[in-house]
Amino acid sequence: MTTHERSAAPSVASFFSGIGGFDLAFERAGFDITMQCEIDPFCNAILAKHWPMVKKFHDIREVQYADVPSSDVWVGGFPCQDISLARMGSRTGLKGKRSSLFYEFARLIGACLPSIVILENVAGLRNSNGGRDFQTIIHTLAQLGYSVGWRVYNSKYFGVPQSRQRVYIVGCYRERRGPAEILFESECSSGHDSSYRQDEEEPLSTFKTSFGDFSKGPIVQGLAYCLYACSARHTGTDWSRTFVSYPQGKVRRLMPNECEGIQGFPQDWTLPPMLPIDPEKLDTLRYTVLGNAVTVPAVEWMARRIRPVLHRMKETVQESDPTVTRQIPHSEAPGIEASANRSCG
């Protein structure tokens, strides 16, 4: 079997891979990782540690459609630096140097048309440039033939003690039901908690509850605030709201391995094979990449919901014509060309 042929397991191509949050989640759900694309050297060291045999690309601008192994699902959390409300200065949105890399991702999607595409970004993407950037992303995928859905997930509902809201966009190629089935439960509650009555005292915020050894410490909050990419020396609000305290009055920030835990990564996931000499520099690198990462359990929940949708999509294609894997139409999406006669891998 060549690197471009499909294995029995469903497959994933990972773009803007970071430290492999998407990759780990999909692997746990039974997918094979076919490739990774990441430009940051430290992130690449982490990817090489965990996936030494997976094909690597460094710069998405240099990737051509023929380079991409045939993959059922494409995933990517394109850079948020020009979109995030947490950043100082103006938000340039999709016109910014880093967040504009979405168009490079769209270029490759248009050439290969994978069955399912997932994009992740900060929740502020929805109102970037008055909502026009979000509209551009949805419109681009739709013009390429994708049914598109989106939803904001908070990591605290996926088994990790962190409040972290991120928007996930799912596109299914010519499959209308797919996005809703992946993103939304079939049955939802009304949102009213019947255990709470208006005449009772309001429940204490999870942020204000604490756990630990109250006589010796450490004592931790029940729920951490959203992790941000920051340095080991940073003393601002990135960590000052989430801290570990001791009865004697000492306070410290979360350590990198604790940040790994509240993002759903195994301990020491971000320790590279070759350690930098400066421990503070290493901690800064680890805090930065963890603050930029996806929460693994949230993505794993989606990945498991993707499998039956993907199976149905493959069956539909085979029933329509057993000799082909997909019919690829021409797209009229502005600036993004879809191929009518070529496939990837």
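Residues numbered from 1 in each chain as written. Predicted model: local features only at pLDDT ≥ 70, side-chain atom pairs only at ≥ 80, totals over all residues. Heavy atoms only, no water.

## Some words on the nonpolar core
Next, step 1: One finds Phe-26, Ile-116 and Tyr-168 to be the most contacted residues of the largest nonpolar core, which totals 50 residues.
Next, step 2: Top element by residues in this core is helix α9 (residues 296-320). It accounts for 9 residues.
Next, step 3: Among the nonpolar cores identified, the runner-up in size contains 32 residues, and Ala-106, Leu-119, Ile-138 and Leu-141 belong to it. (Core = buried A, V, L, I, M, F, W, Y, C linked by side-chain atoms within 4.5 Å. Buried < 20%, exposed > 50% of the residue type's maximum accessible area, 1.4 Å probe, protein only. Helix = DSSP H or I, 4+ residues; strand = E, 2+ residues; numbered from the N terminus.)

## Describing the sheet that holds strand β1 (residues 11-15)
Next, step 1: As summarised here, the arrangement of the 7 strands in space is β3-β2-β1-β4-β5-β7-β6, forming an open sheet in which the pairing is mixed. If you trace the sheet from one side to the other, it starts and ends with β3 (55-57) and β6 (146-154), each paired once. Here the average twist between neighbouring strands, direction ignored, is 20°.
Next, step 2: Judged from the 5 bridges that link them, β1 and strand β2 (residues 32-37) form a sheet pairing that is parallel. (Pairing = 2+ DSSP bridges. Axes fitted to C-alpha atoms, helices over the stretch in contact; angles between N-to-C directions.)

## Concerning the pairing of β2
Next, step 1: In terms of burial, β2 is a largely internal element, 5 of the 6 residues being buried.
Next, step 2: The parallel pair β1 and β2, bridged by helix α1 (residues 21-28), forms a crossover whose chirality is right-handed.
Next, step 3: Note: β2 against β3, 3 bridges, orientation parallel. Bridge pairing in β3 places Met-35 opposite Lys-55.
Next, step 4: Where the polypeptide runs from β2 across helix α2 (residues 41-50) and back to β3, its parallel neighbour, the crossover connection is right-handed. (Right-handed = clockwise from strand over helix to strand, strands pointing away.)

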